[in-house]
Amino acid sequence: MKKTKLGMSELEVSQIALGCMSLGTSPTKASEIIDEALEVGINYLDTADLYDQGVNEEIVGQSIKNKRDQIVLATKVGNHLKNDGSWFWDPRKAYIKEQVKESLRRLQTDYIDLYQLHGGTIEDPIDETIEAFEELVKEGFIRYYGISSIRPNVIREYISKSNITSVMMQYSMLDRRPEEEVMTQLAENQISVVTRGSLAKGMLSAKGPEVVSAKGKNGYIDYDASTLKHTVEQLRGVLQDNQTLNGLALQYVLQEQSVASVVAGASSIAQLKENAEALNQHFNPEQFAKVKEITKANTYQQHR
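Source: prediction; values computed, not measured. Along each chain, residue indices are assigned from 1 in the same order as the chain's sequence is written. In keeping with the predicted nature of the model, local features appear solely for residues at pLDDT of at least 70, side-chain atom pairs appear and are counted solely at 80 or more, and the whole-chain, interface and lining totals rest on all residues. Side-chain metrics in this entry use all non-hydrogen atoms of the structure; hydrogen atoms and water are not considered.

## Observations regarding the pairing of strand β11 (residues 192-196)
Phase 1: In this scheme, a residue with accessible area under 20% of its type's maximum is buried, one over 50% is exposed, and one in between is partly exposed, where area comes from a 1.4 Å probe on protein chains only. Numbering goes from the N terminus for both helices and strands, where a helix is a DSSP run of H or I of at least four residues and a strand is a run of E of at least two. Across the five residues that make up β11, a large majority, four, are buried.
Phase 2: Taken together, the five bridges between strand β10 (residues 166-170) and β11 define a ladder with parallel strand orientation. Bridge pairing links M169 to T195 in β11.
Phase 3: Read as a crossover between parallel neighbours, the route from β10 over helix α6 (residues 182-188) to β11 is right-handed.
Phase 4: Two strands pair under a simple rule: DSSP has to find at least two bridges between them. The sheet contact formed by β11 and strand β12 (residues 259-265) spans three bridges and is parallel. Handedness of a crossover is defined as follows: with both strands directed away from the viewer, a clockwise route from the first strand across the helix to the second makes it right-handed.

Written out as structure tokens, the structure reads:
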């Protein structure tokens, strides 16, 4: 699988990343999926301290402890877990520097390749947050840092004030909001995009129309249920021989200059292989242009 440099870092990441949130809580099953990911060329794993209240990091750590050198490991911080399982937003420097040690312990590693702020608002103590990440780089606990955010106003602050390597954001054929302005700004500053939600809750996968009916019954972004169903049907009409909808969806986002990798969850080896094999399909520019005709050029209504 093709590898792409993440921002201006030394990290070379696979075009598909394994989103570990979907692995579940069975260590054996998770380990099998991770092993298969490496087998098909995926070297980039993304987790977070919030997933399953830290259990996801523990399972990932156990699965990779004998193959750490083969993996670009990313995790996230900022959601302060309480004993009852609830959480509150906490981007303070003290909390970040305390929690990185907990993530390292659970992941059974002495460094994190990419440490990401798991959200963020314009009201945050952003200078303090950046200071925490910069100190962690100097101290050797993390190699690089980024943010996970869809808020243009927050992203602009980090572009201007920090040394972020990447921004994780929701981006798909049905959610084209990043195309409005964010993609261009990040490309100009050599900051990579890592996408999530690129299969739109599975509605852009090969699973069929029943998934759209179930997952999209209340609409999606600015599509109502009826328009959503019709749009996905039209997207299926773009496909040619041996092409799949998830192939079109994944390659659509990867054609953007700033997108380095697509984080795609997999709860089974079959699902993992389906996503990896989607990159072997060939799509032409006319098909991507047709996607833009069919779908909405969504815009951000908040956090501008």
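## Focus: the layout of surface pockets
Phase 1: Cavities and pockets are found on a 1 Å grid laid over the protein atoms alone: a cavity is a set of points where a 1.4 Å probe fits but cannot escape, a pocket is an open set with protein on both sides within 12 Å along at least five of seven lines, and a lining residue has an atom within 4 Å of such a point. Grid points are joined across faces, edges and corners, and a volume is the space filled by probe spheres set on the points. Estimates place the volume of the largest pocket at around 730 Å³.
Phase 2: Counting only elements with at least two residues in the lining of the largest pocket, the list comes to β10, β12 and α10 (269-277).
Phase 3: Ranked by residue count, the leading element in the lining of the largest pocket is β12, at four residues.
Phase 4: Residue type decides the class: Asp, Glu, Lys and Arg count as charged, Ala, Val, Leu, Ile, Met, Phe, Trp, Tyr, Cys and Pro as nonpolar, and the leftover types, Gly among them, as polar. When the residues that make up the lining of the largest pocket are grouped by side-chain class, the tally is twelve nonpolar, twelve polar and seven charged.

## Points about the nonpolar core
Phase 1: Residue types Ala, Val, Leu, Ile, Met, Phe, Trp, Tyr and Cys, when buried and joined through side-chain atoms within 4.5 Å, form a set referred to as a nonpolar core. Ranked by size, the top nonpolar core spans 78 residues in total, and within it L18, L45, Y115, M173, L174, L186 and L204 carry the most contacts.
Phase 2: With seven residues, the top contributor of residues to this core is helix α9 (residues 245-254).
Phase 3: L6, A17, Y144 and V263 belong to the second largest nonpolar core, which has 13 residues in total.

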